[in-house]
Amino acid sequence: MWKITSPKKNLSVILHLGEEGAIAYEVTLGGKPCASGALGLVTSLADFTGGLRFVEMEAPAEINERYSLPAGKKAVYENHCIESRLHFVRQETPFVLVVRAYDNGAALRYEIPVEGEGFSVLRESTDFCFAEGLDDVWLQDWVATYEAPYNKSSWGPAHNGRHYGMPVLVGGGASGPWLMVNEAAVLNTGGSYCVSHVKGTAARRLTLDFAPEEKGAPIPSPLPFQSPWRYLLIAGTLDEVVNSTLNYNLNPPAKMEDTSWIKPARALWAWWISDTGAQVFTEVKQYVDFAAAMGFEAVVVDAGWDETWIRQFCNYAHARNISPWLWTAMQDIDTEETAGYYLPLWKSWGADGVKIDIFENDSAHTAWQYNMMADIMAREKLMVNFHGCTKPMGEGRTWPHFIAAEGIMGLEYYKWRDQPNAEHNCTVPFIRNAAGPMDYTPVGFTNKNRNTSMAHQMALAAVFESGCTHFAASIFNLEPWSGTSFLRRLKPKYDGLRLLAGYPGDHVAILRWVQSSEEYVVGCICNQKRAMRLPLDFLPEGDFEAEVYKDGRFGDDILCGRMAVNRESILDIPMLEHGGAGVYIARKIEPLSILRAEGYMCGDYTELSADAARPFLGSVHGTVSEENPAPVLVLRGGAEFACEETLPAGAASIRLFYCAEEAFSLQISDGISSGQANVPASGYGNVFSTYDVAFLFAGGPAKLVLKKQRGATPSLEKLRIIRNAPVQGMVLPVETGILFGGGNLLPDCRGTWQLCSMENGAVLRMQNVMLPQSGEYILRVNYYAGMTGTAQVSANGGPAIPAKLSGVGKWSSTREGDLLAREILLPLEKGPNTIEVTACEALPALKELVLMPNG
């Protein structure tokens, strides 16, 4: 028997060599058994699950180090343990078991210190048996994406033979202890091992199993050989669980010295609200303007960005101190040749980070692909966010630029099912997010199937941790939303965290802080209705101010209040079922302001409130809700907004702040000019949005008359006349072109528009397109969603530019018939131009082309 004891002597790893020469282990905490199991490896060199002979045990070595990462859950990571190396031999082949005893866990790995060309690993015989009293277990049915709920159960025959993903959480009731099973140092080993998961048994036991993609075949590995670490986190409290960095400690440190280019971020992102938002250059620039104005750090352009304008997007973002991130499918860079070409290219365009998606594979080859991509990105100084990926295993220590990962059933699932729910959200901080950064993409509240409160969605941004937190909501919903103020108070990285209250699946209250500025944030969420009591004894001495954001009575409004607090204060926050709350605390809370007022967020505007409007034709004044007394105008017919200010003649934007569950159309007039606006739905419930209408003002004081023509009855909060000189563009209806080679011009469902249906090889030619000057123009193709199609666009006989018209797809919430857009940059000449759109496959119905100056 051999015993390795942790630095504080509270945890021990006890090893035995049985009569058959098999190694077994036991882990105790405070002298009480927690877990035990068998160890071993079957390889082409020898079977190390039995027949082992002990040779020697090296003198235990103490590891005691502190390190910091540019992103992550805390400022300083501590790696303190006792490591022992036990040497065995089987059939003259050496075999080493490396054991680490931490005060909060145990870790083991296998080594074969033999030189050679390589060998194969056939199977691993590591298992985990849990002591009596550790009766609660949270297991995730294994799926390749790790996007499934963690279900609480008790041990029993129902687990027998079922495959589960790691990490696994095991508990001994509310008083603990808590155990987590996971692995570490897998992806950064050059593909020498696959990612593993566990298989259930009829007893209190989980066995390690290899990736199903390996199909039981031997895994080629190099010599000398090191396996990944298998570890058990053993914590007395759930606070120790959420604070754990054990898997990071088990990874080798980074080789890079300069990490100043790695910038954690709160990121804006259009995909959740609009699958095809990344196709529209003018819109992604609006996201940059909004990020710069609100103080967010990054904008991510998801699937659909266009090579003709992506470099300009990156330059536009950098000029406003915003980090541009690009999306790619891993299949586009899955070899050294393709990754070595595209990643440096995207860096040269100005990308700061790349979101790499659709791995969905745990094989050793895919592990090599992660490693290969991460190495190239480190060389190119590109941050990485892996999506559609495996679980985190601490490789962020080796790759500090690996700052976010999916591997979580996140908010995207609302697009096609009624998950995730509050129970899931209250579970993952203790399991998935405890293991590493979690790109859940929080803060989505416009969907009809939303099953949590507004404040719950808001608080997720503080409860969850990721180095690149994508906010799911669009900028058009964030601008009028009261919860945006809380998001602006957050930081992209904190110095530490503490669990103030919580239990998996029930409730969570997590504190995060920045020491230097004495700022504190608490995010609270719950599954069942409860009264959340938060003592503020974590505060230093002295006076502070607190902003408390909480749910209204029905969960569709966020109420905010401010109060004086100190370390003796206690906050009592009533929380709804599936509710939430957020608290921001500082010595003095400074007012929020627009940090950069330009472009979409131009600060030169006149605001007209709803309560000052004159309703007519059945329109009435009202309030947002019973609890939110903000005035609105319910536009059943018409309303007149009087602007006493002298407005300059010319084009301006009229920004509507409105609430409507379905789309509607308006007629807008100032008595001289008039215009039409087809306004999309804002969302469901008391969800407000913004929508801009380009309008040509006659000049002088104006009386704007709005008349609803058809569709939903909106509630208007205010109008904003923004003097930002919007460009309306030159509209080229499809019926003004020449169609040949296969296709038809058809009326739309109302019989008011011509649609162009194009077969493969068909050409739509627009002739004599007169322009005032030569230059690069934005060409927008407006089309109705169907199946995705690809076209080529050319001008004046020049080179063809590919244009993918994305439509209804596997992960899409786009519905057939939705009006979509794709924008490309096209060089055109002064005077007449000829523009051709050629179908490379059957295209969805085209409505029109729109030309706009680029600038």
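See the structure printed just above.
This write-up is about the structure you can find in this document. (Residues numbered from 1 in each chain as written. Predicted model: local features only at pLDDT ≥ 70, side-chain atom pairs only at ≥ 80, totals over all residues. Heavy atoms only, no water.)

Scanning the chain from terminus to terminus reveals 11 helices and 58 strands. For the chain, the C-alpha atoms occupy an extent of roughly 95 × 65 × 50 Å along the three principal directions. Burial analysis of the chain (855 residues in total) assigns 59% to the buried set. When contacts within the chain are restricted to residue pairs at least 6 apart in sequence, those whose partners lie at least 24 apart make up 72%. The centroid of the 72 positive side-chain charges in the chain is displaced by 3 Å from the centroid of its 96 negative side-chain charges. (Helix = DSSP H or I, 4+ residues; strand = E, 2+ residues; numbered from the N terminus. Buried < 20%, exposed > 50% of the residue type's maximum accessible area, 1.4 Å probe, protein only. Contact = heavy atoms within 4.5 Å. Lys, Arg positive; Asp, Glu negative; His and termini not counted. Charge placed at Lys NZ, Arg CZ, Asp CG, Glu CD.)

Tracing the chain through its elements places Leu45 in the loop between strand E5 (41-43) and strand E6 (53-57). Distance from Leu45 to Gln91, taken between C-alpha atoms, is 8.9 Å for residues 46 residues apart in sequence. Residue contacts for Leu45: discarding those within four places in its chain leaves Gln91, Thr93, Ile112, Phe119 and Leu223.

Let us now look at unusual backbone geometry. Excluding glycine, most residues fall at negative phi; most peptide bonds, likewise, are trans. The omega torsion across Gly176 and Pro177 is 0 degrees, close enough to zero to call that bond cis. Pro420 follows Gln419 through a cis peptide bond whose omega is 0 degrees. Secondary-structure assignment places Pro420 in the loop between strand E27 (402-405) and helix H7 (422-425). One non-glycine residue with positive phi stands out, namely Lys215, at about 55 degrees. With respect to the secondary-structure elements, Lys215 resides in the loop between strand E18 (205-210) and strand E19 (219-221). Of note in this structure, Leu617 is not a glycine but carries a positive phi near 55 degrees. Exposure remark for Leu617: the relative accessible area of 62% places this residue in the exposed category.

Turning our eyes to something else, we now look at the state of the cysteines. Under the definition given, this model contains 0 disulfides. For the unlinked cysteine Cys34, the closest cysteine sulfur is that of Cys129, found at 13 Å. What makes Cys34 buried here is its relative accessible area of 4%. Free cysteine Cys426: the closest other cysteine sulfur is in Cys526, separated by 6.5 Å. (Disulfide = S-S within 2.5 Å.)

Let us look at the pattern of salt bridges. Considering all chains together, one arrives at 41 salt bridges under this definition. For Arg204, the salt bridge is made with Asp135, and the minimal N-O distance between the two is 2.8 Å. With Arg204 in the loop between strand E17 (196-200) and E18 and Asp135 in the loop between strand E12 (127-130) and strand E13 (136-141), this pair connects stretches of sequence that are 69 residues apart. Judged by its relative accessible area of 34%, Asp135 falls in the partly exposed class. (Salt bridge = Lys/Arg side-chain N within 4 Å of Asp/Glu carboxyl O.)

Pairing is antiparallel across the open sheet formed by 5 strands, whose spatial order is E38-E41-E46-E43-E44. Only two strands of the sheet have a single neighbouring strand rather than two, namely strand E38 (614-616) and strand E44 (674-679). On average, adjacent strands in this sheet sit at an angle of 25 degrees to one another, irrespective of strand direction. Relative to E44, strand E43 (residues 664-669) runs antiparallel, the two being bridged by 6 bridges. If you follow Ser669 over to E44, its bridge partner there is Ser674. (Pairing = 2+ DSSP bridges. Axes fitted to C-alpha atoms, helices over the stretch in contact; angles between N-to-C directions.)

Moving on: the side chain of Thr276. Tracing the backbone shows Thr276 in the loop between strand E22 (265-269) and helix H3 (281-294). Not counting residues up to four positions away in its chain, the partners in contact with Thr276 are Ser806, Leu820 and Ala821.

This paragraph deals with the side chain of His456. Here His456 shows up in helix H9 (residues 454-463). Other than its neighbours up to four places away in sequence, His456 contacts Ala422, Asn425, Ile525, Cys526, Asp551, His578, Gly579 and Gly580.

Spatially, the 7 strands line up as an open sheet ordered E27-E26-E25-E24-E23-E22-E28, and their pairing is parallel. Each of the sheet's edge strands pairs with one partner strand only, and the pair in question is E27 and strand E28 (468-471). Each strand axis lies, on average, 25 degrees off the axis of its neighbour in the sheet, ignoring direction. Relative to strand E25 (residues 353-357), strand E24 (residues 323-329) is paired through 5 bridges, and the arrangement is parallel. If you follow Leu326 over to E25, its bridge partner there is Val354.

On to the packing of aromatic side chains. Applying the stated criterion across every chain yields a total of 37 aromatic pairs. We note Lys285 situated over the ring of Tyr316; from NZ or CZ to the ring centre the distance is 5.2 Å. Here Arg720 stacks its cationic end above the ring of Tyr605, 4.2 Å away from the centre of that ring. (Phe/Tyr/Trp six-rings, centres within 6.5 Å; stacked < 30°, edge-to-face > 60°. Lys NZ or Arg CZ within 6 Å of the ring centre and 35° of its normal.)

Looking now at the nonpolar core. Core analysis: the biggest nonpolar cluster contains 85 residues, and Leu268, Phe313, Leu343, Trp346, Ile356, Trp481 and Leu487 have the highest contact counts within it. Counting residues per element, this core draws most heavily on H3, at 9 residues. Aside from chain neighbours lying at most four places away, what touches Leu487 is Arg266, Phe296, Val443, Met458, Ala461, Phe471, Leu478 and Trp481. Within the second largest apolar cluster, 58 residues are counted, among which are Tyr150, Val241, Leu460 and Leu499. (Core = buried A, V, L, I, M, F, W, Y, C linked by side-chain atoms within 4.5 Å.)

Attention shifts here to H3. The end-to-end C-alpha separation of H3 is 20 Å, in line with the 20 Å expected for 14 residues at 1.5 Å each. The buried count for H3 comes to 12 of 14 residues, which makes it a mostly enclosed element. Every buried residue of H3 is listed here: Phe281, Glu283, Val284, Lys285, Tyr287, Val288, Asp289, Phe290, Ala291, Ala292, Ala293 and Met294. Where H3 terminates, the next one or two residues include Gly295, which has phi positive at roughly 95 degrees. (Expected span 1.5 Å × (residues − 1).)

Next up on the list: the environment of Asn104. Its location among the elements puts Asn104 in the loop between strand E9 (93-102) and strand E10 (105-112). Asn104 sits 136 residues away from Glu240 along the chain, and the two C-alpha atoms are 8.1 Å apart. Residues in contact with Asn104, not counting those within four places in the same chain, are Leu11, Leu232, Leu233, Ile234 and Leu246.

What follows is about the packing of H3 against helix H4 (residues 310-318). One can describe the packing of H3 onto H4 by two numbers: an axis separation of 10 Å at closest approach and a directional angle of 15 degrees. Our classification of the angle between H3 and H4 gives roughly parallel. Relative to H4, H3 is oriented so that their crossing is right-handed. Residues Phe281, Val284, Lys285, Val288 and Asp289 of H3 lie in contact with H4, whose contacting residues are Gln312, Phe313, Tyr316 and Ala317. Residues that form the contact of H3 with H4 fall into these classes: 6 nonpolar, 1 polar and 2 charged. (Parallel < 35°, antiparallel > 145°, perpendicular 65-115°, else oblique. Left-handed = near helix turned anticlockwise from the far one by under 90°. Nonpolar A, V, L, I, M, F, W, Y, C, P; charged D, E, K, R; others polar.)

With respect to the helices and strands, the residue Trp349 is situated in helix H5 (residues 336-349). On the accessibility criterion, Trp349 (8% relative accessible area) is buried. Distance in space between the C-alpha atoms of Trp349 and Asn768 is 34 Å, their sequence separation being 419 residues. Residue contacts for Trp349: discarding those within four places in its chain leaves Trp305, Glu307, Ile310, Arg311, Cys314 and Asn315.

What follows deals with helix H6 (residues 364-380). A rise of 1.5 Å per residue sets the reference length of H6, with its 17 residues, at 24 Å; its end C-alpha atoms lie 24 Å apart and thus fit the reference within 8%. Listed in full, the buried residues belonging to H6 are Ala364, Thr366, Ala367, Gln369, Tyr370, Asn371, Met372, Met373, Ala374, Ile376, Met377 and Glu380. Check the buried side of H6 and you find it contacts E19, H5, E25 and strand E26 (383-386). Immediately downstream of H6, the backbone of Lys381 shows phi near 60 degrees, a positive value.

It is worth spelling out the pairing of E12 at this point. In the sheet, strand E4 (residues 32-39) pairs with E12 via 2 bridges, with the strands oriented antiparallel. Bridged to Ala35 within E12 is Phe130. Bridging between E12 and E18 involves 3 bridges; their strand directions are antiparallel. Across the sheet, Cys129 pairs through a bridge with Arg205, a residue of E18.

Honestly, that's just the spatial picture; any functional story needs more than this.
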